Every structure is written in structure tokens, then in C-alpha cells.
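# Results of the structural survey
One letter stands for each residue in the lines below.
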Amino acid sequence: MVYAPNDPSTIIAGLNGDSSAFAALLANVDDAYVNHGPTLVCCSVSFEVSATSATPVGEFVIPANDDNNRVRFWAYWRGTTGYTATLTFEVVDGAGTVLGSGTATSTSSSYAFSVINVTPTGSGVRYGRISLHASAVQLARIEHIVASVYPSSTPAGLTTSGWAQVSGWDLSPTGPIPSEVVARLSNNTRAVARIRPCGLVSGLHRYGGGVPNYEVTGNVYTLVDRFYWPGGDLDRRKYRASIRLGGTDPQARLVVGPYSFECSAAGWQHDLPTLYLPQGSPGFVYCRSTSGGTAQLRTYQMLREAA
Amino acid sequence: MARAPERSPALDQVNAVAIVDPAPARIQHLLRADTWLHALYTEWGGPGFYVPLHLAKNDTPDDPVIRILVSAGVQYMRIRALVSAGGSKGATSTLVITSSHTAATTTLTWQDVGSGDSLEGAFEVATSANPDDPNGPLLVRSGADWTISSDDLTLTYDAGNGTVWGLLFLPVHEVR
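Owing to the predicted nature of the structure, the values given are computational and were not obtained by experimental measurement.

Take the domain arrangement of chain A next. Residue and element names in this part refer to chain A. Once the domains are mapped, chain A shows domain 1 (19–35 + 152–195), domain 2 (39–149) and domain 3 (214–304). Here domain 1 and domain 2 have C-alpha centroids that lie 34 Å from each other. If you look at the interface, domain 1 gives seven residues, while domain 2 gives four residues. Residue composition of the side of domain 1 that touches domain 2, by class: three nonpolar, three polar and one charged.

Encoded structure:
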């Protein structure tokens, strides 16, 4: 069943129900579990490796996903004709423990998309780690990545997020409507929204040449990226700002609308602000090394965050 | 009857619904469930996203391809680009974005305004609201299918002299 919006005239408080509209509502609620998979990460970034061992080139944050649905990772990439290049995508926890992984290979110098699906274990905030290598010292190169989270089918039983299938339940338009059914219908939709946060802005630093270049030398803040805020929420709400830093004494500042997040030290840094950000607000990302060395802003992301 | 997209509530911020027997379940509860679901499938659940590019004219690979995810029910994407230009003031740059699904194109054109070919000097150009315009929103899917989809967009930046720093994609959630 694919979502089919109910005619707004079919379910009206104070009037009798319509059995077909009720059945469609139940099926629609189930359908959302497999057909709501917003963008988690989408950015053009050059990762270039000529190595025979798997070389980590980038990471992004994967929050929520309480039900451990599959993480879908697409890359537009190439190897070198005559050799086998391998793209590895892993989901890891904060300590770097691998919670699920998959690979794709390329034997061509022509760019093409590959998709890797990884169903992780664990819980809480996790990270997607991208690695590249080749069968000989030959080029393997990514130019664009996309990721999302959604399963291929609805699960049986009650899930960790509190979601449970509802189609097939009896919802008579003339009889009493079980309280559990009406609560479940709303809470299932709420659960799907909470476990699949929308990634609104994401940028990863290049590896081995190309763009974008988020590396800075010196202790003066340098503008490394700008963006426009997609937004869309009508009121104050919670967001996640996640930044990954590397190099010597790195420090970064992300500014959008009235919000500013400054963080230091290599590794992942997170902030969970409650904000109202109008669509189109300009965003600015700065980086520096506080000791005047060379620092990299390796990843920046802003996502919706469930309360 | 056509149905408008829903932009609220913020479904991941609302409290869980708790209805305890013997409180009667009423049709208005179903109406809420239906409205929340439509919000998830339309404006609230599909807010758009920004894609950094840092694409200079004739970069390698030339005419790069990016994949975007297309939310259920979405056919058109409005696009806002952060661009800059270098060279002679008044010179024109052109970015053509082509959908692999529909073969539709939209063309963004900008002039060198003398602010420099840099991130600091970058400014915005955007698609128009009219799908019939050459610079209108991009048709990324034919037909109002309510499933997740994706589209591969070819970015042709062969005319001008500057940088496309990034693209903001805003899904058009139509009344249907």
C-alpha cells in the first residue's frame, strides 16, 4: 500500500465515519514507516585515495534510528579500469566500534552511483564512516554522497520506538473505536518523525585533493563555508549541531540566524539548541587553529532533533 | 476535494497521545492522526536541504552529477544557489541543472557584480515560481507518486567564470 491522502471531507469530527476512509488511514499510517526517509546527509565532496588498505576519508553523524532501520548510503565514485576499488561504509559508535558495515566495488574509471545498505546494532548517536582503497596503488575517488534511513518493509510486533503495525485492525464507523487504536495512530506517526530526523545542512572536508577545502592555517577565524537554511518549522524547536574537528588545536564556529555554536578539540562536538530559524536564513561556518597551526573542520551538520 | 500540505505540528516535538479507557475515542482523534500523517508526508516532513558544491567552471569531473532524495508526493524542486563570479564586471555565468528522471532543465544565470570570486563575495540566485520559465522550479518526478524517490542531477557549468558554492533544494508540496 502506498500513501493515499484521505479526502479532507471524509473524517470530520461530529459526523459518522466512513469505513473506507478509516481503512485507508490505517494503511497510510503503516506506509509511513517505509516511505518516510528524509535526507540525512547530502553533499558533494572529493575523497581521493591511492592506497591498498582501507583509508577512512569521512564521517557523519547518525542520530536517533531507535529501531535500527537500515542506513542507506549512496556514493558517486570511480576506481581505475583494470583494478578493483573498494568503498566501505560502516556504522560505528562513539568509541569507533563497528556496529554494521557493507562494501561496494568498482573496476572502472567511469563515475557511477553505488548504494550500500547497513542495518546497525547498538543505540543512541552513531556515526557513518566512509573508507576507500584499491587492489593496487591506483585511484579510488568519490565526488558526491547521500544518506538516509528507512527500511524496506514494516516490522512485526512492537518496536523500540513504540511503533507497531495497525492495518488489519477493525475500525468500524458505527461502533466504538478502541482507545488504543486512536492513540497508536498518532503515536506511530510521531515515532517515525522522531527516529528519522531530517538532515538540513551537511558539509564534509575533502580528502586528498579537490573540494570543499575546510582546512585552515593560522589562529584567525577563516570562513570555510556558507549555506542557506532550509528550515520550514513554524515555531521554536530543538535542533542538533554536530561538528567534527581535526588537526592542531582546532576551533570552529557555526552561525545561523541568532544561533552561534563554537567548539574546540579534535573529534566530534555536539550542541542541541532550541531555536526558531526562518527558511532562507544565511549560515556561516568558520575554522581556525588556536595555536596558529593547521586545523580542519572535517564535518558540520545541522539536523532536527527530537525533544 | 484537493488537500493542502500541512506544515505543522512539529511531529517529533509533540507529546505522546495517551487515551485511557473508559474515555471514549472520538472521530476527532482520527482526524488528528490523519492530519499528523499528512504533515509527515508533506511540508513538515519534507523541508528541503542544502548541498555544498564549491564547483568552479570546468572542474573535474566536468558536468558533475549529484543525487538528491525526493520526498513522497513531490514533483518540483525550487533551487536557491550561492554563487560568485570573477573576471570582468557584468560578465554572465550560467548553470544548467538537468534532471535524469524527466530530462527537464532549469537555468540559473548571474552576473559578475564586482564582489569577487570568493565565499565572502558570494550571493544568491534562485529559480522562479513559474514551472514554465526557463529558470523555473525543476521537475524531478513525473506524476504525484507518494513514495520515496531520488533524482540524479547533472550540473553543467560551462559559461562564465566563477564558483557555485552550494544549492538549497526546497521541495514544492502542492495542493492535490
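There's plenty left to go through after this.
This paragraph deals with unusual backbone geometry. Here the residue pair valine 211 of chain A and proline 212 of chain A is connected by a cis peptide bond, since its omega of -5 degrees sits within 30 degrees of zero. Tracing the backbone through its elements, the reader meets proline 212 of chain A in the loop between β9 (199–204) and β10 (215–217). Serine 8 of chain B connects to proline 9 of chain B through a cis peptide bond whose omega is 5 degrees. Positionally, proline 9 of chain B belongs in the segment before α1 (27–41).

Attention shifts here to the pairing of strand β17 (residues 282–289) of chain A. All names here are of chain A. Of all eight residues making up β17, six are buried, and the element is well covered by its neighbours. Where strand β11 (residues 222–228) and β17 come together, six bridges link them in antiparallel fashion. Paired with phenylalanine 227 across the bridge in β17 is glycine 283.

On to the pairing of strand β7 (residues 126–134) of chain A. Residue and element names in this part refer to chain A. Most of β7 is tucked away: eight of the nine residues are buried. Here strand β2 (residues 55–62) pairs with β7 via seven bridges, running antiparallel. Note on β7: the bridge partner recorded for proline 56 is serine 131. As paired strands, strand β4 (residues 85–92) and β7 are joined by eight bridges and run antiparallel to one another. Paired with phenylalanine 89 across the strands is isoleucine 130, a residue of β7.

Definitions and limits used
Counting starts from 1 at the beginning of each chain's written sequence and moves along it residue by residue. A letter from A marks each chain and a number from 1 marks each ligand, given out in the order of writing. At least 70 in pLDDT is required for a residue's local features to be given in this predicted model, at least 80 for side-chain atom pairs to be given and counted, and no such filter applies to totals for whole chains, interfaces and linings, which use all residues. What marks off one domain from the next here is an automatic or database domain assignment. Whether two residues are in contact depends on their C-beta atoms, placed from the backbone: they are in contact if these lie within 7 Å. Gly falls in the polar group here, along with every residue not listed as nonpolar (Ala, Val, Leu, Ile, Met, Phe, Trp, Tyr, Cys, Pro) or charged (Asp, Glu, Lys, Arg). Numbering goes from the N terminus for both helices and strands, where a helix is a DSSP run of H or I of at least four residues and a strand is a run of E of at least two. Neighbour density around each residue's C-beta defines its exposure: 20 or more other C-beta atoms within 10 Å make it buried, 12 or fewer make it exposed, and counts between make it partly exposed, where C-beta atoms are placed from the backbone. We call two strands paired when DSSP finds no fewer than two bridges between them.

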